[in-house]
Amino acid sequence: MRLVLDAEQRAFTASLEALLTGADTPSVVREWSRGEHGSGRALWGRLAAAGVFALAAPEEYDGVGVRPVELALAFLALGRHVVPGPLVETVAAAVLLPAPDLVKRLVSGETLATVAYDGPYALDGAADLRPVPTPDGPYALDGDAADLRLVLTPDGLYAAAGRGPVRPSLDPARRLTTLAPGDLLTAEPPLAKALLLARLATAAQALGVGLALLDRTVAYVGQRTQFGTPVGSFQAVKHQLADVKTALEFARPLVLAAAVTLDPADVAAAKVTAGEAAYATARTALQLHGAIGYTAEYNLSLWLTKARALRTAWGSPQECRDTVLSAGGRRS
């Protein structure tokens with residue numbers, strides 16, 4: 001499959017990149033990690049105005065129809081610029097919600113939504129997506145910032161009755177809270193479709209994180225010297241960078257192809273490949289940066305922790321592999 005972006009897709013990507021380049025997202029991330037959401041909400045509104053959330057909503061809900069390829073391109077840029085917030089969860093909510101007025105508020109950026117999952121469910125007979133059990137309810141991302149909190153259970157989609165305190169996370173910008181189900185919104189939400197788009201968006205976001213880590217590391221080893229020579233000229237360093245670049249470039253067409261087919265196995269393959277490539281790039285970036293890479297004050301840490309968190313978000317590597325293997329067994 002030869003994947004070539006058309007002029008409209010290239011223009012959309014360029015405009016989103018320009019928006020995010022001028023947004024000073026590292027500062028936004030650090031404020032978001034402290035529970036200060038003002039700058040993050042302002043950026044959220046600009047992303048909505050650029051049409052990011054409209055890509056997951058039908059036209060009658062003020063969207064542009066579900067456009068998976070453009071959604072993947074958008075989330076690749078969001079990952080590259082390490083934008084915080086319940087981005088994937090808002091996309092999932094736009095698919096799950098039965099109320100047009102609520103979806104329109106998501107599309108416009110007026111409302112941030114988060115989704116907690118409580119109970120296993122299968123996607124076309126593949127492996128279950130099982131949450132980590134907690135005594136007080138399932139975890140949700142950024143439940144303190146979200147205006148709309150949703151809980152998915154085997155019985156349907158619920159509005160959350162309340163939220164627990166913010167819990168620490170590996171990625172400080174991913175603030176976790178527990179949610180308890182309240183009023184039933186729908187007994188038959190489109191789980192499969194929501195999971196597909198959420199996994200696709202997460203895969204693209206992870207790919208963007210990995211590409212940014214590679215770019216930052218290449219720039220750093222070109223400046224850092226040992227024995228009067230840039231470390232980027234050392235053969236061992238070149239080999240490490242070549243390995244992760246190969247992994248990322250292998251993941252890119254898988255993500256775009258999955259956006260075209262929206263086949264569960266293709267999306268799962270893209271998710272595990274992009275997640276593992278980004279994680280490998282994070283480990284290489286940390287090693288090549290040396291001691292400075294371990295400091296939370298250095299901006300590299302914002303991408304390092306995001307890569308680790310996205311690796312298991314919306315399906316662990318093993319769950320995604322099981323989905324691919326299950327599909328292979330059915331096709332044979």
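Residues numbered from 1 in each chain as written. Predicted model: local features only at pLDDT ≥ 70, side-chain atom pairs only at ≥ 80, totals over all residues. Heavy atoms only, no water.

### Focus on empty space enclosed by the protein
Spelled out, the test is: Put simply, the grid is 1 Å and covers the protein atoms alone, a cavity is a trapped set of points that fit a 1.4 Å probe, a pocket is an open set with protein on both sides within 12 Å along at least five of seven lines, and lining residues have an atom within 4 Å of a point. Grid points are joined across faces, edges and corners, and a volume is the space filled by probe spheres set on the points. Helix and strand labels come from DSSP, where a helix needs a run of H or I of at least four residues and a strand needs a run of E of at least two; each type is numbered from the N terminus.
If you walk through the whole model with that rule in mind, you get one cavity of 30 Å³ or more. For the largest cavity, the calculated volume is near 80 Å³. Gly85, Leu87, Leu141, Arg174 and Gln205 are the residues nearest the centre of the largest cavity, which is lined by 15 residues in total. Of all the elements, helix α5 (residues 87–96) adds the most residues to the lining of the largest cavity, at three residues.

### Re the packing of aromatic side chains
Applicable threshold: Note on aromatic pairs: the rings of Phe, Tyr and Trp (six-membered ring only in Trp) are paired at centre separations within 6.5 Å, and the planes decide the class, stacked below 30 degrees, edge-to-face beyond 60, tilted for the rest. Between buried and exposed lies partly exposed: a residue is buried under 20% and exposed over 50% of the maximum accessible area for its type, with that area taken using a 1.4 Å probe on protein chains only. Charge over a ring is defined by NZ of Lys or CZ of Arg lying within 6 Å of the ring centre and within 35 degrees of the ring normal.
This model, assessed by the stated rule, comprises one aromatic pair. Summarising the aromatic geometry, the rings of Trp44 and Phe53 are spaced 4.9 Å apart at their centres and angled 20° between planes, so their arrangement reads as stacked. Accessibility assignment for this pair places Trp44 and Phe53 in one class, buried. Above the face of the Tyr279 ring, Arg308 is positioned so that its terminal group lies 5.7 Å from the ring centre.

### Some words on helix α3 (residues 38–49)
As a reminder of what qualifies: By this rule, a helix spans an expected 1.5 Å times one less than how many residues it contains. Summarising the geometry, the arc corresponds to the directions from the helix axis toward the C-beta atoms. Here, two residues are considered to be in contact whenever any of their heavy atoms come within 4.5 Å of each other.
Over its twelve residues, α3 extends 17 Å from the first C-alpha to the last, a length consistent with the 16 Å expected when each residue adds 1.5 Å. Residues Gly40, Leu43, Trp44, Leu47 and Ala48 constitute the buried set of α3. Down the axis of α3, the smallest arc covering the buried residues is 145°, so these residues share one side. For α3, exposure combined with an orientation more than 90 degrees from the buried face picks out Gly38 and Ala49. The inward-facing, buried residues of α3 abut α1 (7–21), α2 (25–33), α4 (68–80), α5 and α6 (100–108). Just downstream of α3, Gly51 is the residue with a positive phi angle, here 95°.

### Points about the packing of α4 against helix α8 (residues 235–261)
Just so we agree on the cut-off: Here an angle of 0 to 180 degrees is reported between the N-to-C directions of two axes, which are lines fitted to C-alpha atoms, with helices fitted over the stretch in contact. When describing relative orientation, an angle under 35 degrees is termed roughly parallel and one over 145 degrees roughly antiparallel, while 65 to 115 degrees is termed roughly perpendicular and anything else oblique. In this classification, the charged set is Asp, Glu, Lys and Arg, the nonpolar set is Ala, Val, Leu, Ile, Met, Phe, Trp, Tyr, Cys and Pro, and all remaining amino acids, among them Gly, are polar.
Relative orientation of the contacting elements α4 and α8 amounts to 150°, with a least axis distance of 8 Å. In terms of orientation, α4 lies roughly antiparallel with respect to α8. Note on element contacts: α8 touches α4 through Val255, Leu256, Ala259 and Val260, opposite Pro68, Val69, Ala72 and Leu73. Residue composition of the contact of α4 with α8, grouped by class: eight nonpolar, no polar and no charged.

### Regarding the side chain of Ser301
Threshold: Here a polar contact is recorded for every N or O atom pair within 3.5 Å, except that within protein the pair must consist of a potential hydrogen donor and a potential acceptor, and residues adjacent in sequence are included only if both atoms are side-chain atoms.
Here Ser301 shows up in helix α10 (residues 300–312). By relative accessible area, Ser301 is classed as buried at 13%. Side-chain polar atoms of Ser301 contact the backbone oxygen of Ala296, separated by 3.1 Å. Those residues in contact with Ser301 that lie beyond four places of it in its chain are Arg30, Thr295 and Ala296.

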